[in-house]
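Observations on the model geometry
Listed here are the chains, written in short residue letters.
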Amino acid sequence: MLSLLHIPSTPLNRFSFSPKTLKSPKRQFSKTQVQSVLQWNRKPQLAGETPRVVVITSGKGGVGKTTTTANVGLSLARFGFSVVAIDADVGLRNLDLLLGLENRVNYTVVEVLNGDCRLDQALVRDKRWSNFELLCISKPRSKLPLGFGGKALVWVVDALKTREEGSPDFILIDCPAGIDAGFITAITPANEAVLVTTPDITSLRDADRVIGLLECDGIRDIKMMVNRVRTDMIRGEDMMSVLDIQEMLGLALLGVIPEDTEVIRSTNRGFPLVLNQPPTLAGLAFEQAAWRLVEQDSMKAVMVEEEPKKRGFFSFFGG
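All values reported here derive from a predicted model rather than from experimental measurement.

This brings us to the side chain of Asp89. Counting through the fold element by element, Asp89 comes out in the loop between β2 (83-87) and α4 (95-99). No salt bridge is formed by the buried Asp89, whose closest oppositely charged neighbour, Lys65, lies at an N-O distance of 6.7 Å. Here Leu92 takes part through its backbone nitrogen, which lies 3.1 Å from a polar atom of the side chain of Asp89. Once residues lying within four places of it in the same chain are set aside, the contact partners of Asp89 are Asp174 and Pro176.

Turning our eyes to something else, we now look at unusual backbone geometry. Here Thr50 and Pro51 are connected by a cis peptide whose omega angle stands at -5 degrees. Tracing the chain through its elements places Pro51 in the loop between α2 (31-40) and β1 (52-57). Cis peptide bonds are those with omega within 30 degrees of zero, and the linkage from Gln277 to Pro278 qualifies with 0 degrees. With phi around 60 degrees, Glu237 is a residue other than glycine that occupies positive phi space.

Now for the UniProt feature "binding site: ATP" (unreviewed entry) in the protein chain. If you check UniProt for "binding site: ATP" (unreviewed entry), the listed places come out as Lys60, Gly61, Gly62, Val63, Gly64, Lys65, Thr66 and Thr67 in our numbering. Assignment of secondary structure puts Lys60 in the loop between β1 and α3 (65-78). Its relative accessible area of 27% is what places Lys60 among the partly exposed residues. Each residue touching Lys60, except ones within four places of it in the same chain, is listed here: Lys65, Ala177, Asp200, Thr202, Ser203 and Asp206.

The eight strands lie next to each other as β3-β4-β2-β5-β1-β6-β7-β8, forming an open sheet whose pairing is mixed. In this open sheet, the two edge strands, each paired with only one partner strand, are β3 (124-125) and β8 (252-258). Here five bridges tie β2 to strand β4 (residues 132-136), and the two strands are oriented parallel to one another. Among the inter-strand pairings, Ile86 is bridged to a residue of β4, identified as Leu135.

A few words now on the environment of Leu275. Relative to the helices and strands, Leu275 resides in the loop between α12 (262-269) and α13 (281-295). You can call Leu275 buried: its relative accessible area is 13%. With 201 residues separating them in the primary sequence, Leu275 and Leu74 have C-alpha atoms 8.3 Å apart. Discounting residues that sit within four places of it in the chain, Leu275 has contacts with Leu74, Arg78, Arg128 and Trp129.

Turning our eyes to something else, we now look at the packing of aromatic side chains. What describes a pair of aromatic rings is the distance from one ring centre to the other and the angle between the planes of the rings. For the coordinates displayed, the defined rule picks out two aromatic pairs. Judged by centre distance (5.6 Å) and plane angle (85 degrees), the ring pair of Phe79 and Trp291 falls under edge-to-face. On the criterion of sequence distance, the pair formed by Phe79 in the loop between α3 and β2 and Trp291 in helix α13 is long-range, its members being 212 residues apart. Summarising the aromatic geometry, the rings of Phe81 and Phe170 are spaced 6.0 Å apart at their centres and angled 75 degrees between planes, so their arrangement reads as edge-to-face. Placement of the pair is Phe81 in the loop between α3 and β2 and Phe170 in strand β5 (residues 170-174), with a sequence separation of 89 residues. For Phe81, a relative accessible area of 5% puts it in the buried group. On the basis of relative accessibility, which here comes to 0%, the residue Phe170 falls in the buried class.

A word on the nonpolar core. Among the nonpolar cores identified, the biggest contains 50 residues, and Ile86, Leu135 and Ile173 are the most heavily contacted of them. It is helix α7 (residues 150-161) that contributes the most residues to this core, six residues altogether. If you look at the next biggest cluster of nonpolar residues, it comprises 39 residues, including Ile56, Ala77, Ala85 and Leu98.

The rules behind these values
Residues numbered from 1 in each chain as written. Predicted model: local features only at pLDDT ≥ 70, side-chain atom pairs only at ≥ 80, totals over all residues. Heavy atoms only, no water. Helix = DSSP H or I, 4+ residues; strand = E, 2+ residues; numbered from the N terminus. Buried < 20%, exposed > 50% of the residue type's maximum accessible area, 1.4 Å probe, protein only. Lys, Arg positive; Asp, Glu negative; His and termini not counted. Salt bridge = Lys/Arg side-chain N within 4 Å of Asp/Glu carboxyl O. Polar contact = N/O pair within 3.5 Å; in protein donor to acceptor, adjacent residues only side chain to side chain. Contact = heavy atoms within 4.5 Å. UniProt positions renumbered as here; feature names shortened; annotations may be inferred. Pairing = 2+ DSSP bridges. Phe/Tyr/Trp six-rings, centres within 6.5 Å; stacked < 30°, edge-to-face > 60°. Core = buried A, V, L, I, M, F, W, Y, C linked by side-chain atoms within 4.5 Å.

Pasting the structure below:
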């Protein structure tokens, strides 16, 4: 039977483990868990040249691209990196809602291109984390200029790289669903891609198609996020395992996000999961994915033949 196994990890002091706590007879930790806690009790080391322009895409709608952009982006900001998230979905803009910034978007890229405002006026700074900024392409129900396309978005990204206050460490582009002109526009300035998929055949077929399009556009650094995973259904062989998905798509695995009802609550509140206290499993998984993105790392899914006898906090990650 196939399932998921990953070494547990706890980013940025989410939990405090003193030497006295680790030796306590009431709390038994394996050697792997202790090493993992100590490893993640530090700031991630930024790999690659900055700014890193990452497009978050899927092909199929409703798999969690915007949720991933919001949670990964704020996780990067919490790690201490400067982040600009661009909502490239023109017709169905939602990233501002998930971040709780919908009432603060006064200007967009369209106004910048028309000369109605400066680029810094269109950037919306998050009050919770000042090193996180949102940039929307256009307002809902507005019409884009006929000439807007990949070259225009490249101009926006280049302007962010050369702005006076400094270039951001990460530019995240929330790609619209489908593979039409909006998709082509969103991927044009990117040199990395995060492909979000769910464990169903329709999402996987669309993801496979998107991989080919990304590679044709010259984007070779593609990592995969598997969303809405239910380990109970995997053990019952009612859901495709993460290992099967990885073998099918042939991509490095950036993160695995478990099914979590808290996602709906956080979306309706405009309060991303990674800011929840105490954290949920899905929130922790998003933080870990952001950590791997920073260090250009990946995780591994392996085959597990037996279900662990004890189910604890780290059980989802194989502990």
